Amino acid sequence: MYLYCIILFIFKIVVEHTQLRILIQPVEKFRFRYKSEMSGNYSTLLGEREKTNYKKQVPTIQLVNCPFKIAVIRCTLVTADEENRFPHAHHLVRKNGNTDTDDPHDIEVSSENNFIAKFYNMGIIHTAKKHVRDEIVRRKRIELLGEKEKVQFGNATISTREDIQIKLEAERIQMRMNLNTVALCFQGFFYGENNVLHPFTEKVYSHPINNLKSALTGDLKICRIDKQSCSCEGNEEVFLLVEKVGKKNIKVKLYEIDNSDNIIWEAEGRFTELDVHHQYAIVFKTPPYKDTNITSPKEVFIRLERPTDGEVSNSVMFVYKPLDKNLNRKRPRLASTCETVESIETDLMENSSLENYSPMNETFVNLDNDISSLTGELKELLNDDHYCNSEDFKTYFSDLSTLESEKNFANDILQKVLRTLRDTALTDNSKATIIVMTRNILLKTTQFGDTALHFSLRHKEYKISKCIVSILSFDPLLSKIVNIQNSSGMTPLHLAVLRNQSDIVKALLNIGADPNLCDEAGATSLHNAVIARASGCIDQLLRSSKNVNLEAHTESGWTALHLAAQVGSLLAVHVLIKAGADVNSIDKLCGCTALHIAVDANHKHIVDYLLTTTKIDLNKKNFGGNTALQSAVAKRGKCAEDLIKIFNKYGADPKIRNNNIDRNDEEENMSRLSAEILIDISDSVIDIESSDSDDDFPESDESSCDLAQNDQKLMQLSCGRGCEYSVDEKLDSGCDMVPGDNSFARSNSVVINHSDAEEHPTNRATTIPISQKSMSSTRPWEDKLTDDHVHRIKDILERTGGWERLAQHTNHGSLVRLYRKTSSPCSALFTKIRLQQPDITLQNVKNLLTDVQEFEAVSALEKQ
DNA sequence: CCTCCATTCCC
DNA sequence: CGGGAATGGAG
């Protein structure tokens, strides 16, 4: 008894000064294992890692101000409920050599280890529900015995009464015990007499440890999402694949944050318990965004939230897109320059004086001689009031139908009349009559809203078009005709660029044509010029004094640059960017940059150009969450791999995740994985190419498929709904519209081509014409290819494998296998080429290299 | 008797 | 050691 008093006394003093401090908490999530899972090695309970320190830790406790030389820190498993701590039914085991021991776990501390105890190799054994009661009883008994031991040294027993009490209590506890959350309990002990341990500190508890495997406490995670955007009106279904969730205990939250991470808007995804599929998927409907009148896409986030413990998942990006009508409203469909027949007629009526009628300063159109020659017959005809008022005359012009027979007839008359008119006007002969008549004729429209100017352009009657433009230039009031839109919204300028008539385009711009008017599909003349590959017209539009809107979006949300990337026109891409088009602008529909579009359309030369010479953000994600590189990877097949090579050259970041969120959270692993995939793919390219039989020209399959795709897109973009002309008709227009044509890629320096008659190869099915073309353009003043040149490019071509494609391209495919065995296949190839073509020039080789997309080698040759 | 899912077992 | 299939109890 005396001893016990001393112990109590010491205990009091010590407790006031001694402190048990948790230096390293255990991890918050840990997999509890069942007994059957504990054979052999098992995962051990680690300590929480610091953010800055990635070293593995274990739960660590320090005894501060310990009055004893040696003390013991004991660790046991308890419930996590702070209000109601008692021993947990689960076991805390600790591996000791080959045997596992149950808790309590004691670690001796002294000045030697700075009174620090590290609890290594602990595991939590999940007690099956059916055994929980028994387990609690066992623990209670031990606890009770321990209490009694303090008083009745050595011979403590438990009475039947106490035993029943314990069992009842255990029954109660069993019902409430949370089997998915535990906590560690630490307490300091000292050695008393006979090495009996006596507690001398308060109990200290760790924070809760949750069962990683349970849906109630496990990690919340969005693994995958089927779409990244929806309309701002919401109510669209989104499929989420998630880590194990409980359907009664999960929410989908959409939220928006400002620059300082404050949540400025949030709403819940709508779903029922039936929409949670087997704990691993949720289908929810998006809530509407706070504002359905947005005009630009809004980035928000989605995450899971668990109401019971407030746990949240990772967040994934999501985009609310503006409504189509808001996109359209933003762009004024009818600019102020837009004219209608009625408004011009009103103008003319109000201002019937002819004083303004005078030739403008410049003559814009060189009329052909035969047009300017007058026939007296016609002159008389036109001066005859009677004839001008006749029904015949009216019939000719009141309905300029597209019917073939009438077309020719109407054209014929129109042409004659216009000739006469023009010359009469020039000679100031019966001016008033002529002018009034002219105006009447030129303001007539067909059932499709075409004026005579539209009509002549549509039917390739360019002489008439020029004639009309010439006449318009004399008449300021009438010149407004140039901005009349037909029933599909096209101005004469739209038609002129589709027809690739650059001089007419120039003249139209000079007399006041507005290049920014949109047709029904939202296309400006610039869009049309790009679609039509009318380089001369693009040039005229860009250099005109008019402020051409480079960033105008079509109805489908594309800018001219996007279209240029889509059709694969390097020249158009180049001049647009040079004129100041924003390389990083995104299309309104999918959030794609020109780079994404070029990748999708498989235009390697565009991709290469964009990466080499522009400041395009190559890691930009579209609304689908993919970078251009990821789009390239997703393409699979041969075409993808060449693209990937180009990206590799320019250091695209394979680390950037797309939206298929990897289950593994560690960035490092992810990036390593992507990089490996990339390398894998690149390797396999080489494999495929090298095992290819030599007689096949690569790519021919894909290009045909690409062509089809282009056509479809073109159709959509250039024609739109309700357009009365077929694409064929549009294509059949004498302008250079060969989808997929990569002839621009072959010129290694980009020069604006002013000629209307652009060369356009109709197909690229064979290599021979191309290489012959490249080779035959030898000019005496050009540099000859030298050994030095070959030396400069051989390493590059051997590294990229480009020499093999060059071999194919120059009809030396059959030698690839042979050359591959040589020390420098590229040198061997060039020896062969120079043997066949002794006069081959540097420029020839550059062209050939451009043909096979070896831009790096081309630039190596350009360095002096 | 069915579905769901916590538990248990297996690789 | 982490993923996942099988089982069987509960509702």
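Computed from a predicted structure; not experimentally measured.

Asker: Would you explain the overall build of chain A in this entry?
Answerer: Helix and strand counts for chain A come out as 34 helices and 24 strands. Out of the 864 residues belonging to chain A, those deemed buried represent 50%. Pairs at least 24 apart in sequence give 73% of the contacts found in chain A among residues at least 6 apart. Accessible surface, chain A as shown: approximately 42,100 Å² in total, 50% of it carbon and sulfur.

Asker: I tried to follow the UniProt feature "repeat: ANK" (unreviewed entry) in chain A on my own but got confused; where do I start?
Answerer: When the UniProt feature table is mapped to this numbering, "repeat: ANK" (unreviewed entry) covers residues 488-520 and 556-588. Helix makes up 48% of residues 488-520 and strand 0%, and the two end C-alpha atoms of the span are 5 Å apart. This span, residues 556-588, is 52% helix and 0% strand, and a straight line between its end C-alpha atoms measures 7 Å.

Asker: Would you take a moment to explain the pattern of salt bridges for this structure?
Answerer: Two side chains bearing opposite charge may form a pair once their charged atoms approach each other closely. If you walk through the whole model with that rule in mind, you get 18 salt bridges. The partner of E256 in a salt bridge is K290, and the shortest N-O contact between them spans 3.5 Å. You can see E256 sitting in strand β18 (residues 251-257) and its partner K290 sitting in the loop between β21 (281-285) and β22 (298-306), a full 34 residues away along the chain. With relative accessibility at 49%, the residue K290 sits in the partly exposed group. A salt bridge links R303 to E305, with the nearest nitrogen and oxygen atoms 3.2 Å apart. Look at R303 and you get buried, because its relative accessible area is 18%. For E305, a relative accessible area of 17% gives the class buried.

Asker: Honestly, the protein's contact with DNA strand C in this entry has me stumped. Any pointers?
Answerer: Residues in contact with DNA strand C, as listed here, are R31, R33, E37, Y42, S43, T44 and K213. In DNA strand C, atoms within 4 Å of the protein come 19% from sugar and phosphate. Contact distances for DNA strand C include 2.8 Å between a base oxygen and a side-chain N or O atom of R31. In this structure, a base nitrogen belonging to DNA strand C sits 2.4 Å away from a side-chain N or O atom of R33. For the surface near DNA strand C, the class distribution of residues is 1 nonpolar, 2 polar and 4 charged.

Asker: Would you mind showing me how to read the protein's contact with DNA strand B here?
Answerer: Lining the immediate environment of DNA strand B, one finds R31, Y34, S36, E37, A128, K129, K213, A215, K244, K247, H278 and Q279. Of all atoms in DNA strand B that approach within 4 Å of the protein, 69% are sugar or phosphate atoms. At 3.5 Å, a side-chain N or O of Q279 approaches a phosphate oxygen of DNA strand B. Residues that form the surface near DNA strand B fall into these classes: 3 nonpolar, 3 polar and 6 charged.

Asker: Explanation requested: the packing of helix α30 (residues 802-809) against helix α32 (residues 825-836) in the structure shown.
Answerer: Working note: a packed helix pair is described by the angle between its axes plus the distance between those axes. Running from amino to carboxyl end, α30 crosses α32 at an angle of 20°, the nearest separation of the two axes being 9 Å. Classified by the angle their axes make, α30 and α32 are roughly parallel. When you trace α30 past α32, the crossing you get is left-handed. Seen from α30, the contacting residues are W803, L806 and A807; seen from α32, they are P825, C826, L829 and F830. The residue makeup of the contact of α30 with α32, split by class, is 7 nonpolar, no polar and no charged.

Asker: Explain the packing of aromatic side chains to me, please; I cannot follow it from the model alone.
Answerer: Each aromatic ring pair is specified by the distance between its two centres and by the angle formed by the two planes. Applying the stated criterion across every chain yields a total of 9 aromatic pairs. When the centroid spacing of 4.6 Å and the interplanar angle of 15° are considered together, the rings of F68 and F190 count as stacked. Separated by 122 residues along the polypeptide, F68 in the loop between β4 (60-64) and β5 (70-79) and F190 in strand β11 (residues 181-191) bring together distant segments of the chain. A connected cluster of aromatic rings, assembled from ring pairs, spans W265, Y289, F318 and Y320. Lying across the ring of F189, R74 places its NZ or CZ 4.4 Å from the centre. The lysine or arginine in question, R303, covers the ring of Y255, its NZ or CZ lying 4.6 Å from the ring centre.

Asker: Quick question: what am I supposed to make of unusual backbone geometry here?
Answerer: What is expected of a backbone is that most residues other than glycine have negative phi and most peptide bonds are trans. Despite not being glycine, D261 has its phi angle at roughly 65°, a positive value. On the secondary structure map, D261 appears in the loop between β18 and β19 (263-268). Look at D261 and you get exposed, because its relative accessible area is 57%. Unlike most non-glycine residues, H278 shows phi in positive territory, near 45°. Tracing the sequence through the fold places H278 in the loop between β20 (276-277) and β21. Residue class for H278 comes out exposed when judged on its relative accessible area of 60%.

Asker: I keep staring at helix α13 (residues 462-472) and nothing clicks. Help me out?
Answerer: Residues that lie three or four places apart on an α-helix share one face, since the helix turns once every 3.6 residues. Counted residue by residue, α13 has 9 buried out of 11 residues, so it is predominantly covered. Inspection of α13 places Y462, I464, S465, C467, I468, V469, S470, I471 and L472 among the buried residues, and these make up the whole buried set.

Asker: Is there a simple way to think about the pairing of strand β24 (residues 316-321) in this case?
Answerer: Look at any regular strand and the pattern is simple: side chains alternate between the two faces of the sheet. In this sheet, β24 lies alongside strand β16 (residues 229-231) in parallel orientation, the contact comprising 3 bridges. From the neighbouring strand, S231 faces β24, where its bridge partner is K321. Alignment of β22 against β24, held across 5 bridges, turns out to be antiparallel. Directly across from F301, in β24, lies its bridge partner M317.

Asker: I keep staring at the side chain of H789 and nothing clicks. Help me out?
Answerer: Tracing the chain through its elements places H789 in helix α29 (residues 787-800). Sequence-distant contacts of H789, that is, excluding residues within four places in its chain, are made with K784, L842 and L861.

Asker: Would you explain the pairing of strand β10 (residues 122-126) in this entry?
Answerer: Of all the 5 residues making up β10, 5 are buried; the element is thus mostly covered by neighbouring parts of the structure. A two-sided burial pattern is seen for β10, the buried positions comprising M122, I124 and H126 on one face and G123 and I125 on the other. Both strand β3 (residues 33-34) and β10 contribute to a ladder of 2 bridges, which runs parallel. Within the sheet, the bridge partner assigned to Y34 lies in β10 and is H126. Relative to β10, strand β6 (residues 91-96) runs antiparallel, the two being bridged by 4 bridges. Of the residues in β10, the one forming a bridge with R94 is M122.

Rules of the game
- Residues numbered from 1 in each chain as written.
- Chains lettered and ligands numbered in written order.
- Predicted model: local features only at pLDDT ≥ 70, side-chain atom pairs only at ≥ 80, totals over all residues.
- Heavy atoms only, no water.
- Helix = DSSP H or I, 4+ residues; strand = E, 2+ residues; numbered from the N terminus.
- Buried < 20%, exposed > 50% of the residue type's maximum accessible area, 1.4 Å probe, protein only.
- Contact = heavy atoms within 4.5 Å.
- Areas by Shrake-Rupley, 256 points an atom, 1.4 Å probe, with all protein chains shown as cover.
- UniProt positions renumbered as here; feature names shortened; annotations may be inferred.
- Salt bridge = Lys/Arg side-chain N within 4 Å of Asp/Glu carboxyl O.
- Near = heavy atom within 4 Å.
- Polar contact = N/O pair within 3.5 Å; in protein donor to acceptor, adjacent residues only side chain to side chain.
- Nonpolar A, V, L, I, M, F, W, Y, C, P; charged D, E, K, R; others polar.
- Axes fitted to C-alpha atoms, helices over the stretch in contact; angles between N-to-C directions.
- Parallel < 35°, antiparallel > 145°, perpendicular 65-115°, else oblique.
- Left-handed = near helix turned anticlockwise from the far one by under 90°.
- Phe/Tyr/Trp six-rings, centres within 6.5 Å; stacked < 30°, edge-to-face > 60°.
- Lys NZ or Arg CZ within 6 Å of the ring centre and 35° of its normal.
- Pairing = 2+ DSSP bridges.

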